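An overview of the molecular structure
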Amino acid sequence: MFNLSHPKLLTLARTEGYAEVTDFLEDHALESVAPAICMVPGCDHTTDLEPDQRAGFCEACGRPSMKSGLVIAGMI
Ligand SMILES: [Zn+2]
C-alpha cells in the first residue's frame, strides 16, 4: 500500500519542484539516487541519498533521520 499523502513526502516533492507526488515518484523510481527529506518535525532538510535510505544523517539537525521519498511512499 503506497502512502502518497505523507506531509513530508508532499514537502519533498514540492521542494524538488513537483506539484504532484506521483510525478515526483515516477521520475525518481529508477534512479541510483533519490531525493530524501529529514523526518524530524520542523526540520525539512532535503538531499539526494540512496533510494532505500531510511536513516541517513541530517546535516541540518544532526540526527539519523533522513528518509528517501521512495521509502516514505512505501515503494521500497
Ligand atoms: Zn534534520
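Scope of this entry: the structure provided in the associated data block. (Residues numbered from 1 in each chain as written. Predicted model: local features only at pLDDT ≥ 70, side-chain atom pairs only at ≥ 80, totals over all residues. Heavy atoms only, no water.)

Some words on the coordination of the zinc ion
Looking at the metal site, the zinc ion is ligated by Cys38 (SG), Cys43 (SG), Cys58 (SG) and Cys61 (SG), spaced 2.3 Å from it. Considering all 4 donor atoms around the zinc ion, the spread of angles at the metal, 104 to 118°, places the coordination shape in the tetrahedral class. Positions of the donor residues of the zinc ion along the chain correspond to the pattern C-x4-C-x14-C-x2-C. Comparing cysteine 38 with cysteine 43, the two get one shared label, buried. (Donors = N, O, S within 2.8 Å, 3.2 Å for Na, K, Ca; no water. Tetrahedral: all angles 85-135°; square planar, octahedral: opposite > 155°, others 65-115°. Buried < 20%, exposed > 50% of the residue type's maximum accessible area, 1.4 Å probe, protein only.)

Examining a negative patch on the surface
Side chains of Glu16, Glu20, Asp23, Glu26, Asp27, Glu31 and Asp48 sit close together on the surface and give a patch of like negative charge. Per-element accounting of the negative patch gives the leading share, 3 residues, to helix H2 (residues 21-28). (Patch = residues over 30% accessible without salt bridge, like charges linked within 9 Å, V, L, I, M, F, W, Y side chains within 5 Å. Areas by Shrake-Rupley, 256 points an atom, 1.4 Å probe, with all protein chains shown as cover. Salt bridge = Lys/Arg side-chain N within 4 Å of Asp/Glu carboxyl O. Lys, Arg positive; Asp, Glu negative; His and termini not counted. Charge placed at Lys NZ, Arg CZ, Asp CG, Glu CD. Helix = DSSP H or I, 4+ residues; strand = E, 2+ residues; numbered from the N terminus.)

Observations concerning the environment of leucine 70
The residue leucine 70 is located in helix H3 (residues 69-72) in this model. Owing to a relative accessible area of 3%, leucine 70 belongs among the buried residues under this scheme. Separated by 18 residues in the primary sequence, leucine 70 and aspartate 52 place their C-alpha atoms 7.2 Å from one another.

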